[in-house]
Amino acid sequence: MIARRMTWEALRAMLANWFAAFACCALAANIALAQPADPADPAAATEAPAEETTPQPPPNVADTALPKLEDLTLPTAEELLTQPPRDWIVLKNQDVVVCEPVAPRPDTLAKRKLEIDAKAQERRGKSGEELDRIQAEYEQLQLLVITLPEETENPEYALPINLIERIVHHEDLVLQRIDALIDEASLATAFELLLRLERQWDNWPGVKDRHNKLLFADGRQRLANGDPESTLVVLTDLRERDPEYNGLMDTIAEALGTMASRAIAAGDQRGARHFLFRLDDMYPGHPVFQQYSADMAQRANELLASAEQASRDSQPDKAADLAEQAAIYWPRTPNLMPRFRPLAQRYQRLRVGVVSLPVSDAIGSVAAAAAADPAAERERRLMDVPLFEVERFRNGSAYYRTRYFESWEPFDLGRRLLITLRQTRQPWETQNILDAPAFVALLEQHLDPANPGYDERLDGYIESVAVRSPVELELRFRRVPARIEPLLAALVPTAASAGDEDVAGISAGGFTRGDAGAGHAVFRRAVPEPEGLAEYHVAEVVEHLYPSYDKAVLGLRQGEVSMLPDLPDWIVRRVQVDPRLKDELFVQQYALPTTHILQVNPASPALRVRELRRALLHALDRERILKDVVLRDPQSAHGRVVTSPFPSFSPANSLDVGQHAFDQSAALALVLAAAQQMDNQLPTLKMLVPPTPVERAAAEQLVRDWRRIRIEVELVDLAAVPDDADDWDLCYRTLSIAEPTVALWPFLSTAPTAQIADLSVFPDWLRQSLVEVDRTSDWGRALGTVNGLHAKLWSEVRCLPLWEVDNFLVVRRNVQGFPDRPMHPYHGIERWTMQAWYPAE
């Protein structure tokens, strides 16, 4: 490790020469070098001649000199890491004694001086034997016991303190080597040495300074190599250790400025402003921030000027888009809000975070009707403006509203219905005006068997239609319906029925699809609001696709979106207690819970076996899956196991129906019974699953439970299923049924509407019951019939109800006008307003 090593003969020769040179010194008589000597022996330490003598070098000493300090080279990193530690004792003549580590350490000489001074004070006033003892200890402290590494017989020597100029400890040599490695840019080796030293002696003088120096050098090197991200990580650590480190502020500013420049070049304005705001938080008013702030404010003002020009050119959508870009580009632009507000509130754009987008345009196929996913349901709610829609749900009953009728009054004990159509509309409404001829054309589409939109149930009710005036018409019924509103709720006026033949099939109101790109879907008002209004409403909805719910919440926090329609329960609970978000958001519970249910394909040969259906239900530990997977809440405060597709508080549910217990033994016995009816050949069942994460995770748990009773089920992504596919057995559905008397028939038959032909696969008792519900004129009796069907459907397992979950709508507080208990995410969207807002930080 050391270029030149010392022998014990050289040490003895050096000491002899030194004593000869200073023979006249009175202290020489009291300084003895024992060779060999036991420094712990007081007798040896006190055996000094009474008179001054000049020590002579021991006989047979070679005239060998010790190495000079200037001749020694610093140990390499490899030597320091692999060889035993050594100290350098530098004498006053600059000779160096290399020995094993001395004690005490560090600051050996300073600590020994304190001991000598303390012993000198103790000596005062003493006499006799006590004085002799103290004097011996005092003289012994004048010697530093060292161990020469290459001596085996007598390695220990006592070296007078007054010969020593300083001691370079092994740890000091490590620090010097670290400094050299930093100068050579060998930072990895330097870190290795520092880590070893910190493990052995983390509070050694200079260790913290070298750590800081090494972090700074590492950050500078990373920045020079074009990696400002890792530079910022390293220098942030240094800032926590020493905020005032020389050069740290400017280096962090340079790194953040580089990251902001790259973000601007990539078009990521949110990222650029994040880096600059972080710089301003760390070092307010830094010149780098001031430079970027001025440049970006200038660009934002240019965008605002273009937006104001687009507004004057009657292009409110373009103006709002440019204003949003300006706010995103630099939200600290002076006078931004007064210029941004009128542009943003003229064309209000609602951004919504979702985890799935609509996958299919098809409506009417068996697969689509049974497996309509939440994204398709949101799209339908936005685009369709039906004749009647549920406005609220109270005491188990649905209450409807219509945007097309001024009045609808029954006559002749309900056999005739006089309808007066509205001929005016509010500017914020999204439906077109519907006159009597257009309404008749709409009915003809659903009453003509040759039309694809034919509704057999509606045709069975309506006998004739008579137009009395352009705004009045009369419907005559063959039989009196229990309720008019749910019967007509399925009718959606189209542009063709409203009189615009060039856009046949397109909704006559609501929102229409805009230009969509990868990762988002755009919907715009079909009937834009006119100019000159005092207040405007939401004009455009943009659904942004996120890879997970956590990313969607992050987008909400960062201001990318203003609404999240379908968060899972555990994230809703997290949002409700978030100290920042709970003051910025509304968390509104939906009026109806969402029921998770396994739809049984009535055409499935395997599931026509009753025992197999019952086995599927008994094998499921629904309570566990609900708590562990769907809610992630052991208390399941927002969910419950159910026995029907209706809400648990609906009067359509029978109080006599109990839960099927989770019993895998019974399930296995039922499987064996089912196998006997199928020639001991149990097929692999196919289950359609929507692409949403919660439903997918729950479906995987269901499959795991079924596998325990030897039933294999294949999960099929709904997005991969053709629109006309019907070769499936089960379908995982989420739904909210507001009108059980009307929805039960289409639900069981997996068809869009009720048709007699779809009932052929069911037993006689079920067909007769469904027809009886449909033909009953009294709504109370119809509801009672459904109530009675509940127990039979549960016993026969015509569907597999799983659980229901209380869902919540999470929306930013600048969005206003939505109901307290919305029926669906876009309930009353045409009346929503948005106050001008942009993320300031």
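Residues numbered from 1 in each chain as written. Predicted model: local features only at pLDDT ≥ 70, side-chain atom pairs only at ≥ 80, totals over all residues. Heavy atoms only, no water.

S.K.: Outline the overall build of the protein, supporting the account with residue identities and numerical values.
M.R.: Across its full length, the protein holds 28 helices and 26 strands. Of the roughly 38400 Å² that the protein leaves accessible, carbon and sulfur atoms contribute 49%. (Helix = DSSP H or I, 4+ residues; strand = E, 2+ residues; numbered from the N terminus. Areas by Shrake-Rupley, 256 points an atom, 1.4 Å probe, with all protein chains shown as cover.)

S.K.: Give a detailed account of the packing of helix 6 (residues 170-183) against helix 8 (residues 207-224), specifying residues and quantitative values.
M.R.: As a packed pair, helix 6 and helix 8 sit with axes 11 Å apart at the nearest point and diverge in direction by 10°. Considering the angle they form, helix 6 stands roughly parallel to helix 8. Regarding helix 6 and helix 8, the two cross each other, and that crossing is left-handed. Taken together, the residues of helix 8 that come into contact with helix 6 (itself represented by Leu175, Ile178, Asp179 and Ile182) are Val207, Arg210, Lys213, Leu214 and Ala217. Residue composition of the contact of helix 6 with helix 8, grouped by class: 6 nonpolar, no polar and 3 charged. (Axes fitted to C-alpha atoms, helices over the stretch in contact; angles between N-to-C directions. Parallel < 35°, antiparallel > 145°, perpendicular 65-115°, else oblique. Left-handed = near helix turned anticlockwise from the far one by under 90°. Contact = heavy atoms within 4.5 Å. Nonpolar A, V, L, I, M, F, W, Y, C, P; charged D, E, K, R; others polar.)

S.K.: Explain the sheet that holds strand 10 (residues 416-421) to me, using residue names and the numbers behind them.
M.R.: Read across the open sheet, the 4 strands follow the order 9-10-12-11; overall the sheet is antiparallel. Unpaired on one side and paired on the other, strand 9 (405-411) and strand 11 (462-469) mark the two borders of the sheet. Ignoring which end each strand starts from, the neighbouring axes of this sheet average 20° apart. Relative to strand 10, strand 9 is paired through 6 bridges, and the arrangement is antiparallel. Across the sheet, residue phenylalanine 411 finds its bridge partner in strand 10, namely arginine 416. Sheet contacts for helix 17 (residues 436-447): strand 9, strand 10, strand 11 and strand 12 (472-477); angle to strand 11, the most-contacted strand, approximately 165°. (Pairing = 2+ DSSP bridges.)

S.K.: Describe the nonpolar core, and please don't skip the residues or the numbers.
M.R.: The biggest cluster of nonpolar side chains holds 60 residues, and the ones touching the most others in it are Met687, Leu702, Trp706, Ile711 and Trp803. Considering every element that reaches this core, the biggest residue donor is helix 25 (residues 693-707), with 6 residues. With residues up to four places along the chain from it excluded, the contact list for methionine 687 reads Leu598, Ala699, Val703, Trp706, Val713, Glu714, Leu715, Val716, Leu730, Cys731 and Tyr732. Phe216, Ile252, Ala297 and Trp330 belong to the second-largest nonpolar core, a separate cluster that totals 42 residues. (Core = buried A, V, L, I, M, F, W, Y, C linked by side-chain atoms within 4.5 Å. Buried < 20%, exposed > 50% of the residue type's maximum accessible area, 1.4 Å probe, protein only.)

S.K.: Can you lay out helix 27 (residues 764-775) for me, pointing to particular residues and giving the numbers?
M.R.: An ideal rise of 1.5 Å per residue puts 16 Å on 12 residues; helix 27 measures up with 16 Å between its terminal C-alpha atoms. Among the residues making up helix 27, those that are buried are Leu766, Ser769, Leu770, Val773 and Asp774. All buried residues of helix 27 fall inside an arc of 135° around its axis, so they share one side. Projecting away from the buried face of helix 27 at angles above 90 degrees are the exposed residues Gln768 and Arg775. (Expected span 1.5 Å × (residues − 1). Arc of directions from axis to C-beta.)

S.K.: I'd like a description of the packing of aromatic side chains, backed by residues and values.
M.R.: The final tally for this structure, using the stated rule, is 12 aromatic pairs. With 5.0 Å between their ring centres and 85° between their planes, tryptophan 201 and tryptophan 204 make a pair best called edge-to-face. Of the residues examined, tryptophan 204 reaches a relative accessible area of 3% and is grouped as buried. Aromatic pair phenylalanine 388 and tryptophan 408: ring centres 5.1 Å apart, planes at 75°, arrangement edge-to-face. (Phe/Tyr/Trp six-rings, centres within 6.5 Å; stacked < 30°, edge-to-face > 60°.)

S.K.: Describe in detail the sheet that holds strand 18 (residues 594-600), supporting the description with residues and values.
M.R.: In space, the 6 strands of this open sheet follow the order 19-23-18-22-20-21, with mixed pairing throughout. For this open sheet the edge positions go to strand 19 (639-641) and strand 21 (713-717), each flanked by a neighbour on one side alone. Adjacent strand axes in the sheet meet at a mean angle of 25° when their direction is disregarded. Strand direction decides the pairing type here: strand 18 and strand 22 (residues 730-735), joined by 6 bridges, are antiparallel. Among the inter-strand pairings, threonine 595 is bridged to a residue of strand 22, identified as leucine 735. Strands in contact with helix 22 (residues 610-618) are strand 18, strand 20 (685-689), strand 22 and strand 23 (799-805); relative to strand 23, the strand with the most contacts, it is inclined by about 25°.

S.K.: A description of the pattern of salt bridges should follow, citing residues and the corresponding values.
M.R.: Scanning all chains against the criterion turns up 57 salt bridges. Here glutamate 700 and arginine 696 are joined by a salt bridge, their closest N and O atoms 4.0 Å apart. Here glutamate 700 and its partner arginine 696 are both found in helix 25, 4 residues apart, which amounts to about one turn of the helix. Classification of glutamate 700 by relative accessible area gives partly exposed; the value is 37%. (Salt bridge = Lys/Arg side-chain N within 4 Å of Asp/Glu carboxyl O.)

S.K.: I'd like a rundown of helix 28 (residues 779-796), residues and numbers included.
M.R.: Between its first and last C-alpha atoms helix 28 spans 25 Å; for 18 residues at 1.5 Å apiece the expected length is 26 Å, and the two agree. Leucine 789 marks where helix 28 bends most, by close to 25°. By the burial criterion, the buried members of helix 28 are Ala782, Leu783, Thr785, Val786, Leu789, His790, Leu793, Trp794 and Glu796. Packed against the buried residues of helix 28 are helix 22, helix 23 (622-631), helix 26 (740-749), helix 27 and strand 23. (Bend = angle between axes of the 7 residues up to and from the residue.)

S.K.: Could you give an account of the packing of helix 9 (residues 228-241) against helix 10 (residues 248-265), naming the residues involved and the relevant values?
M.R.: At a closest axis distance of 9 Å, the pairing of helix 9 and helix 10 adopts a crossing angle of 150°. Classified by the angle between their axes, helix 9 and helix 10 sit roughly antiparallel to one another. As helix 9 runs across helix 10, the sense of the crossing is left-handed. Here Pro228, Glu229, Thr231, Leu232, Leu235, Leu238 and Arg239 of helix 9 lie close against helix 10, whose contacting residues are Leu248, Thr251, Ile252, Ala255, Leu256, Thr258, Met259 and Arg262. Counted by class, the contact of helix 9 with helix 10 contains 9 nonpolar, 3 polar and 3 charged residues.

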